[in-house]
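# Residue-level structural notes
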Amino acid sequence: MLCAGRYEATSTVQQQTGTTDLQQYRHCPHRCKNLSSPVSFPTVCLSPQVETNQVSVFNQKAVRLPQKGRDLWNSNFVKMPCSSHSFMITKAGFLKQTTQVPRWSVISKHLGVLAKKTSVDVDDVAEAIIKYNPKYKEKWSFNALSNFVKVVPKTENYFHTLFPKIAELALTLPDYVKKAVPLLQRGHAASITLSQVQISCLLANAFFCTFPHRNTSTANSEYHNYPSINFSSLFWDWSERKKEKLRAIMHYFKVVTDERSKLKGLVTFERRCLRDSDRPDWRSCEETMPKLYVSSRGDIETEGTGMLQVDFASSWIGGGVLGSGLVQEEILFLINPELMVSRLFTEKLGDNECLIITGSQQFSRYSGYGDSFEWAGPHEDHLKRDDWCRLQRQILAIDALHYRQRRDQYNMINVTRELNKAYCGFKGHGHKEPDVATGKWGCGAFNGDPHLKAVIQLMAAAKANRGVAFFTFKDETLKQDLEQIHHLLVAERTTVGKLYGLLEDFCAVQQCSDGFHLDLFDFIRTDVRRSRSLL
């Protein structure tokens, strides 16, 4: 587990508030004593000779060997395209009789043709994909990929030589993934560790849409409760957004298929569940406000480097990254494409669950947001690695509630749900864990109240004993308001339990307000003044 600079509780307001030194929130440079071993959980990439917590042995084995294991085809594991249990129906012979053939043999045949070519166009890619997805011949379009290749400047247009390399990478799947990949299922805390090479191979297969049973999300489909993984939705419905997304994704494949690239790291995907016995009794919590840094400049992924970086997630991990979505989570997945592989095995998050990803690499830079998003070129990642060769980047995916009506959030059932969701992610498993880099979680399209969401995250962080770096994304008013209310809460030594009671009162007033919106920070100030007057 990564370390981060922590603060010691202090009795002075000056020491608890108003800090401008973000360095003290970042990870410690020294080796962590409470390192979470990826082989404590099911792993797909490590040699079975490496036993749990044998860091020195692991580091002596310079090559990260894929684990060998059984080829499983059931509801607890990813159904792989190269599995001996994977078949498809084809029509062969003069009479076009139907016959059952191994799916991987068909995939290998058509991707093998592409891999041997020196130049491949989009029509070749589309034809190969449809050969092993024949039922979608009239349903799938590749107009976005086709237009993308046409409009990208010649200086950046290397795709005709890249497509064969991606096909070649996809065909190495049986060599690099030699055991069944377990699903991170709802209600079960578990973790998977993959090598960066394995991830690149799996994503190459996603690019060529090889994963069986993953092309539909209807209610009765096998993987209806999982995000999509095959890239078919990215290839149709051309837009400027799709163009910029494809620039980032194609750059990733350019890097990972370059023979000079040395992908040597591991990435751990951990699903955490907050058990009923671990849920705080928020009314009785005695913790006071955590240390807070607020900035209207900078962003979570840059200034929050080395901290626990919050992904404003969808319950379907990755959100609309393979569609038209292009807000915080989708951008995060585009600049760190290794995150996308989590969509292969992560079931929709429940109210008491989160996903923590340790070790992903950033490949791209960007500018803008939504329609203004642009791929801004390559990124060289110089982060240090932990003892398990994971980059010191830890991303926390927590999904906020989506409110159709803004006033729906002023309900203590919903407030408590958000508190437990944030606490599930913030709750540590050791000492000196990274502080939290976050911002306007669940606001914007999800209609969250920035004041309420900020207070909720402060309360969860206080209970988890973590400091908070809060980025308002150019909202200077929110920055000033949050600093002021935090200063007041610290000065009054307001406990989490006291604040929970204030939220109960605030929600009761909001429910009776008949459409009038009351500002939470004003409500807190009024309560503090009333309390002082009674002294």
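All of these numbers come straight from a predicted model, not from anything done at the bench.

### Some words on the overall build of the chain
Scanning the chain from N- to C-terminus turns up 17 helices and twelve strands. The proportion of buried residues among the 535 residues of the chain is 57%. A separation of at least 24 residues holds for 76% of the contacts in the chain among residues at least 6 apart in sequence. If you sum the accessible surface of the chain, you get close to 23,600 Å²; carbon and sulfur atoms cover 49% of it.

### Considerations on the sheet that holds strand β11 (residues 436-439)
Read from one edge to the other, the open sheet built from eight strands follows the order β3-β4-β7-β10-β6-β11-β12-β5, with strand pairing classed as mixed. The open sheet has two edge strands with one neighbour each: β3 (190-195) and β5 (292-295). Each strand axis lies, on average, 20 degrees off the axis of its neighbour in the sheet, ignoring direction. As paired elements, β3 and strand β4 (residues 266-273) share six bridges and run antiparallel to each other.

### A few points about the environment of F87
Position of F87 relative to the elements: it lies in strand β1 (residues 87-92). Between the alpha carbons of F87 and P212 there is a distance of 9.1 Å; along the sequence they are 125 residues apart. With sequence-adjacent residues up to four places away left out, F87 is seen in contact with Q100, V101, P102 and R103.

### Thoughts on the confidence of the model for the chain
Of the residues in the chain, 87% have a pLDDT of 70 or more, and the chain-wide mean is 89. Within the model, the stretch residues 1-15 combines pLDDT values under 50 with 56 contacts to residues more than four positions away or in other chains. In the model, residues 46-57 has pLDDT below 50 throughout and makes 25 contacts with residues more than four positions away in sequence or in other chains.

### Observations regarding the nonpolar core
Counting 86 residues, the largest nonpolar core has F207, F208, F231, F235, F253 and F345 as the members making the most contacts within it. Excluding residues within four positions of it along the chain, F208 makes contact with L111, L114, V125, I129, Y132, F163, I166 and A167. Counting residues in hydrophobic clusters, the runner-up holds 62 residues, among them Y25, C285, V294 and F523.

### Side note on the pairing of β4
The buried fraction of β4 amounts to seven of the eight residues, a majority that puts the element mostly inside the structure. Bridge analysis of β4 against strand β7 (residues 353-358) gives six bridges, and the strand direction is antiparallel. Across the sheet, the residue bridging to E270 is I356, located in β7.

### Digging into the packing of helix α15 (residues 476-491) against helix α17 (residues 520-533)
In a pair of packed helices, the angle between the axes and the distance between the axes together describe the arrangement. The N-to-C vectors of α15 and α17 enclose an angle of 25 degrees; their axes lie 11 Å apart at closest approach. By the angle class used here, α15 and α17 are roughly parallel. Two packed elements cross with a definite hand, and for α15 against α17 that hand is left-handed. Residue-level contacts link D481, L482, Q484, I485, L488 and L489 of α15 to F521, I524, R525, V528 and R532 of α17.

### Let's talk about α17
Residues spaced three or four apart along an α-helix face the same direction, because each turn holds 3.6 residues. Taking 1.5 Å of rise per residue, 14 residues should cover 20 Å, and α17 covers 20 Å from first to last C-alpha, within 8% of that figure. Restricting attention to buried positions, one finds in α17 the residues L520, F521, F523, I524, D527 and V528. For α17, the angular spread of buried residues about the axis comes to 160 degrees, placing them on one side. Opposite the packed face of α17, turned more than 90 degrees from it, sit the exposed residues R529 and S533. Lining the buried residues of α17 we find α14 (450-464), α15 and α16 (496-511). Where α17 starts, the residue carrying a side-chain oxygen 3.0 Å from the main-chain nitrogen of F521 turns out to be D519.

### With respect to α14
An ideal rise of 1.5 Å per residue puts 21 Å on 15 residues; α14 measures up with 21 Å between its terminal C-alpha atoms. Within α14, 13 of the 15 residues are buried, which leaves it mostly tucked inside the rest of the structure. Between a side-chain oxygen at the N-terminus of α14 and the backbone nitrogen of H451 the separation is 2.9 Å; the capping residue is D449. Immediately downstream of α14, the backbone of N465 shows phi near 60 degrees, a positive value.

### Overview of the packing of aromatic side chains
The relation between two aromatic rings is expressed through the spacing of the ring centres and the mutual angle of the planes. Tallying each qualifying case throughout the model produces 20 aromatic pairs. Ring geometry for Y223 and Y226: centres 5.5 Å apart, planes at 75 degrees, overall edge-to-face. Owing to a relative accessible area of 4%, Y223 belongs among the buried residues under this scheme. Both rings, one in F312 and one in F473, keep their centres 6.3 Å apart while their planes meet at 80 degrees; by these two values the pair is edge-to-face. Remark: F473 occurs in the loop between β12 (468-471) and α15 and F312 occurs in strand β6 (residues 308-313); sequence separation between them is 161 residues. For F312, a relative accessible area of 15% translates into the label buried. Of the aromatic side chains, those joined through ring pairs into one cluster are F142, F163, F207, F208, F231, F235, Y252, F253 and F363. Above the face of the Y223 ring, R214 is positioned so that its terminal group lies 4.4 Å from the ring centre. In this structure, K453 packs its charged tip against the face of W441, placed 5.7 Å from the ring centre.

### Brief notes about the environment of T216
By secondary structure assignment, the location of T216 is in the loop between α8 (196-207) and α9 (240-256). Judged by relative accessible area, which is 35%, T216 ranks as partly exposed. C-alpha of T216 to C-alpha of S228: the two residues are twelve residues apart in sequence and 8.0 Å apart in space. Once residues lying within four places of it in the same chain are set aside, the contact partners of T216 are Y136 and S221. There is a polar contact of 3.4 Å between the side chain of T216 and the backbone nitrogen of T218.

### Considering the environment of Q198
Looking at the secondary structure, you find Q198 in helix α8. By relative accessible area, Q198 is classed as buried at 1%. Here the alpha-carbon distance between Q198 and V177, two residues 21 residues apart in the chain, equals 6.6 Å. Of note is the side chain of Q198, whose polar atom sits 2.7 Å from the backbone oxygen of Y176.

### Quick look at the side chain of R272
Tracing the backbone through its elements, the reader meets R272 in strand β4. For R272, a relative accessible area of 5% corresponds to the buried category. At 3.2 Å, the side chain of R272 forms a polar contact with the side chain of E270.

The rules behind the values
- Residues numbered from 1 in each chain as written.
- Predicted model: local features only at pLDDT ≥ 70, side-chain atom pairs only at ≥ 80, totals over all residues.
- Heavy atoms only, no water.
- Helix = DSSP H or I, 4+ residues; strand = E, 2+ residues; numbered from the N terminus.
- Buried < 20%, exposed > 50% of the residue type's maximum accessible area, 1.4 Å probe, protein only.
- Contact = heavy atoms within 4.5 Å.
- Areas by Shrake-Rupley, 256 points an atom, 1.4 Å probe, with all protein chains shown as cover.
- Pairing = 2+ DSSP bridges.
- Axes fitted to C-alpha atoms, helices over the stretch in contact; angles between N-to-C directions.
- pLDDT = per-residue confidence, 0-100.
- Core = buried A, V, L, I, M, F, W, Y, C linked by side-chain atoms within 4.5 Å.
- Parallel < 35°, antiparallel > 145°, perpendicular 65-115°, else oblique.
- Left-handed = near helix turned anticlockwise from the far one by under 90°.
- Expected span 1.5 Å × (residues − 1).
- Arc of directions from axis to C-beta.
- Polar contact = N/O pair within 3.5 Å; in protein donor to acceptor, adjacent residues only side chain to side chain.
- Phe/Tyr/Trp six-rings, centres within 6.5 Å; stacked < 30°, edge-to-face > 60°.
- Lys NZ or Arg CZ within 6 Å of the ring centre and 35° of its normal.

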